[in-house]
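Coordinates in review
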Amino acid sequence: MTLQGDVLKDAIGQTQAKWGWFVGLGVLLLILGGIAFGNLFIATVASVYVVGWLMLMAGIIEIMHAFGVKTWSRFFYWLLSGLLYAVAGFFAFYNPLLASAVLTFLLAVALLASGALRAWVGYKHKPAKGWGWLVAAGVISALAGLVIAMGWPVNSVWVLGLFLAIDLIFQGWAFIAVGLALKK
């Protein structure tokens, strides 16, 4: 057995002892996902606040970085970039409903574009095995983007919360599955 194999076997052995933590985290994520499903509006606002916090922090970091660059052009680039990020982050806290509308629209555009691209790439690989799955995934993503765009801006109060709830539930089940597999 190689050194890498020993390291991997040791890491798996150490992780197996912590299987209960995986299951516990999975259960917690399932509960949070259920709570998010219970009030999609609050979940949407919470997700907007998380995005706003991240943008605000990124803006502050970029502003601090601006003072460490050597040339004026780069200084102003980083300063302006940081200010825009910070203002966008503040905006998310100041008006989370409008921010959710903007983020929902961006989500719809991203799903449409990535779905169309994925379907096109799958179609271009038509003779390859599995090309149909790639096309199907692309079409489903594009349709999801289209459905979101058609309901915009009214659906902005619940779409982000729905995505958050679904993600929490899938992550919860995944952690539970990993934890139970480690127990065996």
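You'll find the structure just up there.
Attention in this report is confined to the structure presented alongside it. Because the structure is a prediction, the values reported are computed rather than measured.

Examining the overall build of the protein chain
Helix and strand counts for the protein chain stand at 7 helices and 0 strands. Here the protein chain has a C-alpha radius of gyration of 22 Å; the compact-globule value for 184 residues is 16 Å, and the former is much larger. Expressed as lengths along the three principal axes of its C-alpha atoms, the size of the protein chain is roughly 55 × 45 × 45 Å. Buried positions account for 27% of the 184 residues belonging to the protein chain. Pairs at least 24 apart in sequence give 74% of the contacts found in the protein chain among residues at least 6 apart. As presented, the protein chain carries roughly 12,300 Å² of accessible surface, and 77% of it is formed by carbon and sulfur atoms. Counting 10 positive and 4 negative side-chain charges, the protein chain places the centres of these two groups 11 Å from one another.

Some thoughts on the nonpolar core
Soluble globular proteins tend to bury their nonpolar side chains together. Counting residues in each nonpolar core, the largest one holds 5 residues, listed as Leu29, Ala36, Ala43, Ala165 and Leu168. Every element with two or more residues in this core is listed here: α2 (19–38) and α7 (159–183). Residues in contact with Ala36, not counting those within four places in the same chain, are Ala43, Ala165 and Leu168.

Digging into the environment of Thr15
Locating Thr15 in the fold gives a position in helix α1 (residues 3–16). Residue classification places Thr15 among the partly exposed residues on the basis of a relative accessible area of 27%. With 164 residues separating them along the chain, Thr15 and Gly179 place their C-alpha atoms 9.2 Å apart. Once residues lying within four places of it in the same chain are set aside, the contact partners of Thr15 are Phe22 and Leu182.

Some remarks on a nonpolar patch on the surface
A cluster of nonpolar residues, Tyr49, Val50, Trp53, Leu54, Met57, Ile60, Met64 and Phe93, forms a patch on the protein surface that exposes about 770 Å² of accessible area. Broken down by element, the nonpolar patch gets its largest block of residues, 7 residues, from helix α3 (residues 40–66). Its location among the elements puts Ile60 in helix α3.

Things to note about unusual backbone geometry
Cis geometry is found at the peptide bond from Trp152 to Pro153, where omega equals 5°. Mapped onto the fold, Pro153 is located in the loop between α6 (131–151) and α7.

A few points about the packing of helix α5 (residues 96–124) against α7
In contact at an axis separation of 9 Å, α5 and α7 are set at 65° when each is read in the N-to-C sense. One finds that α5 runs roughly perpendicular with respect to α7. Between α5, through Ser100, Leu103, Thr104, Leu107 and Leu111, and α7, the contact on the second element is made entirely by Val159, Leu160 and Phe163. Across the contact of α5 with α7, the residue classes tally to 6 nonpolar, 2 polar and no charged.

Conventions we followed
- Residue indices follow the written sequence of each chain, beginning from 1 at its first position.
- Given that the model is predicted, a residue must reach a pLDDT of at least 70 before its local features are reported, and side-chain atom pairs must reach 80 or more before they are shown or counted; all residues, however, enter totals for whole chains, interfaces and linings.
- Processing note: side-chain calculations cover all non-hydrogen atoms of the structure and skip hydrogens and water entirely.
- Secondary structure elements follow DSSP: runs of H or I of four or more residues count as helices, runs of E of two or more count as strands, with numbering from the N terminus.
- Atoms considered for the radius of gyration are the C-alpha atoms alone. The globule rule reads 2.2 Å times the number of residues to the power 0.38.
- Buried means the residue's accessible area, taken with a 1.4 Å probe over protein chains only, is under 20% of the maximum for its type, while exposed means over 50%, and partly exposed covers the values in between.
- Whether two residues touch is decided by their heavy atoms; if any such pair falls within 4.5 Å, the residues are in contact.
- Here the Shrake-Rupley method, with its probe set to 1.4 Å, supplies the accessible areas, and only the displayed protein chains count as covering residues.
- Positive residues here are Lys and Arg, negative ones are Asp and Glu, while His and the chain termini are left out of the count.
- Taken as the charge centre is NZ of Lys, CZ of Arg, CG of Asp or CD of Glu, depending on the residue.
- Think of a nonpolar core as a cluster: buried Ala, Val, Leu, Ile, Met, Phe, Trp, Tyr and Cys residues, connected wherever their side-chain atoms sit within 4.5 Å.
- For patch building, the residue pool is restricted to those with more than 30% relative accessible area and no salt bridge; the joining distance is 9 Å between like charges and 5 Å between nonpolar side chains (Val, Leu, Ile, Met, Phe, Trp, Tyr).
- Counted as salt bridges are all cases of a side-chain nitrogen of Lys or Arg within 4 Å of a carboxyl oxygen of Asp or Glu.
- To obtain each axis, a line is fitted to C-alpha atoms, and for helices this fit is confined to the stretch in contact; angles are then taken between N-to-C directions over 0 to 180 degrees.
- Under this scheme an angle from 65 to 115 degrees is roughly perpendicular, one under 35 degrees roughly parallel, and one over 145 degrees roughly antiparallel; angles in between are oblique.
- For this classification, Asp, Glu, Lys and Arg are treated as charged, while Ala, Val, Leu, Ile, Met, Phe, Trp, Tyr, Cys and Pro are nonpolar and the rest, including Gly, are polar.

This is a description of form; function is not addressed.
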